[in-house]
Amino acid sequence: MSRRILLINGPNLNLLGKREPHIYGSTTLEDIETQARQQAHELGVEIDTFQSNHEGAIVDRIQETAGWGPNVRETDTPGKRVSAIIINAGALTHTSVAVRDALAAVAIPFVELHVSNVHARETFRAHSYLSDKAVAVICGMGAYGYSAAIEFAAQHLKIEGE
């Protein structure tokens, strides 16, 4: 398996830099993805990015990481398979058993990520359906959280891959 990371962003994260900048900052998702690709290259890993506002599309993409799912044919090469997932599931963190089940099913280590400190916000945001399955949880570091997650995943992959 290649040393590849999948970076998933959920609902409304396409609005980073526009939506509530006092909470989420002014960095756009495009800026984050550009920085992620550069950082991954420097760390010697590949990174794929995916964003969707639709729960089912996120579940499908997670399944594809293991070579499963409705968009994978038996003749497909394992090019979409990954060694680690970084997921900012947005609001789905607090509501989606489906995303949790998909992550558990593929059994690929993942980092749960949040731009804001979810524990300092509305009480419903403190509950995560993902945290107990994640190898790490990063929150409240703004856009820098993505860099920290990539660094962690690359180091974890290095240890696992050696």
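Small disclaimer: the values here were computed from a predicted structure and weren't measured.

Rules and cut-offs
Numbering of residues starts from 1 in every chain and runs along the sequence as written. Note on the predicted model: pLDDT of at least 70 is required for a residue's local features to be given, and 80 or more for side-chain atom pairs to be given and counted; whole-chain, interface and lining totals, by contrast, use all residues. To get the side-chain values, all heavy atoms of the structure are used, and hydrogens and water are removed first. Working definition: helices are DSSP H or I runs of at least four residues, strands are E runs of at least two. Numbering for both runs from the N terminus. Residues are treated as being in contact if the distance between any of their heavy atoms lies within 4.5 Å. Each residue is placed in one exposure class: buried if its accessible area under a 1.4 Å probe, protein chains only, is under 20% of its type's maximum, exposed if it is over 50%, and partly exposed if it falls in between. We treat two strands as partners when DSSP finds at least two bridges between them. For every element, the axis is a line fit to its C-alpha atoms; helices are fit only across the contacting stretch, and the angle between N-to-C directions ranges from 0 to 180 degrees. Roughly parallel covers angles under 35 degrees, roughly antiparallel covers those over 145, roughly perpendicular covers 65 to 115, and oblique covers all other angles. In this count, Pro and Cys sit with the nonpolar residues alongside Ala, Val, Leu, Ile, Met, Phe, Trp and Tyr, while Asp, Glu, Lys and Arg are called charged and the others, Gly among them, polar.

Quick look at the environment of Leu103
Assignment of secondary structure puts Leu103 in helix 4 (residues 97-106). Residues Leu103 and Ile87 lie 16 residues apart in sequence; the distance between their C-alpha atoms is 9.9 Å. Not counting chain neighbours up to four residues away, the residues in contact with Leu103 comprise Ile62, Ile85, Ile87, Ile108, Phe110 and Leu130.

Here's the deal with the pairing of strand 5 (residues 136-139)
Along strand 5, the buried face is formed by Ala136 and Ile138; none of Val137 and Cys139, which line the opposite face, is buried. Here four bridges tie strand 4 (residues 110-114) to strand 5, and the two strands are oriented parallel to one another. By the bridge assignment for strand 5, His114 is matched with Cys139.

Brief notes about the packing of helix 3 (residues 55-64) against helix 4
The geometry of helix 3 relative to helix 4 is characterised by a closest axis approach of 9 Å and an angle of 5 degrees between their N-to-C directions. Judged on the interaxial angle alone, helix 4 and helix 3 are roughly parallel. Across the interface between the two elements, Glu55, Ile58, Val59, Ile62 and Gln63 of helix 3 pack against Ala98, Val99, Ala102, Leu103 and Val106 of helix 4. Considering only residue class, the contact of helix 3 with helix 4 consists of eight nonpolar, one polar and one charged.

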